[in-house]
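Fold and contact review
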Amino acid sequence: MPISLAARIQHHPFRAHLIPSLLETLAPLPTEIIAHSSDPPSPWDGYKLCLSELPDCSHLLVLQDDAVPCLNFVPALERIAAANDVPVCLFLARLPRRSSKDATNALKANRRYVTLFIR
């Protein structure tokens, strides 16, 4: 199956100043901005909006509006999509600790992927 990528930016209207540079970094990837705000704030609701009414693509990137993609992000994303038919997390914080430790060990062993520990 051919790879067709699209992106959705999970966006809070207070951070509109972040959008232009993020769109520039993601070009030429087809990108939609999915705005959401609520009181109290609910990032989960914004994320669920990003996963609703999916665009016509084989792989969808969902990222927050404050993400700072690295140089050559889109070509790397294309390679990741071609190599995987399961969801891939492109950001891993220190928590959960077990996943962080597993990822650090995988990196030291020159492995690109690790299964995340889910509680």
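This report concerns the structure included in the present document.

Here is what the cut-offs are and how they apply
- Residues numbered from 1 in each chain as written.
- Predicted model: local features only at pLDDT ≥ 70, side-chain atom pairs only at ≥ 80, totals over all residues.
- Heavy atoms only, no water.
- Buried < 20%, exposed > 50% of the residue type's maximum accessible area, 1.4 Å probe, protein only.
- Helix = DSSP H or I, 4+ residues; strand = E, 2+ residues; numbered from the N terminus.
- Arc of directions from axis to C-beta.
- Contact = heavy atoms within 4.5 Å.
- Pairing = 2+ DSSP bridges.
- Right-handed = clockwise from strand over helix to strand, strands pointing away.

Re helix α3 (residues 73–83)
- The set of residues buried in α3 consists of F73, V74, L77 and A81. The arc that holds every buried residue of α3, seen down its axis, measures 90 degrees, which confines them to one face. Counted as exposed and oriented over 90 degrees from the buried face of α3: R79, A82 and A83.
- The inward-facing, buried residues of α3 contact β1 (5–11), α1 (19–26) and β3 (59–64).

A closer look at unusual backbone geometry
- At the junction of A27 and P28, the peptide bond is cis and its omega measures out at 10 degrees in the coordinates.
- Along the chain, the position of P28 falls in the loop between α1 and β2 (31–35).
- Of note in the backbone geometry, E53 takes a positive phi value of approximately 45 degrees without being a glycine.
- Overall, E53 belongs to the exposed group, its relative accessible area being 73%.
- The backbone phi angle of N110 is positive, close to 65 degrees, even though this residue is not glycine.

Considering the pairing of β2
- Sheet analysis places β1 next to β2, joined by five bridges and oriented parallel. Within β2, the position partnered with H11 by the bridge is A35.
- Between the parallel elements β1 and β2, the chain passes through α1 in a crossover that is right-handed.

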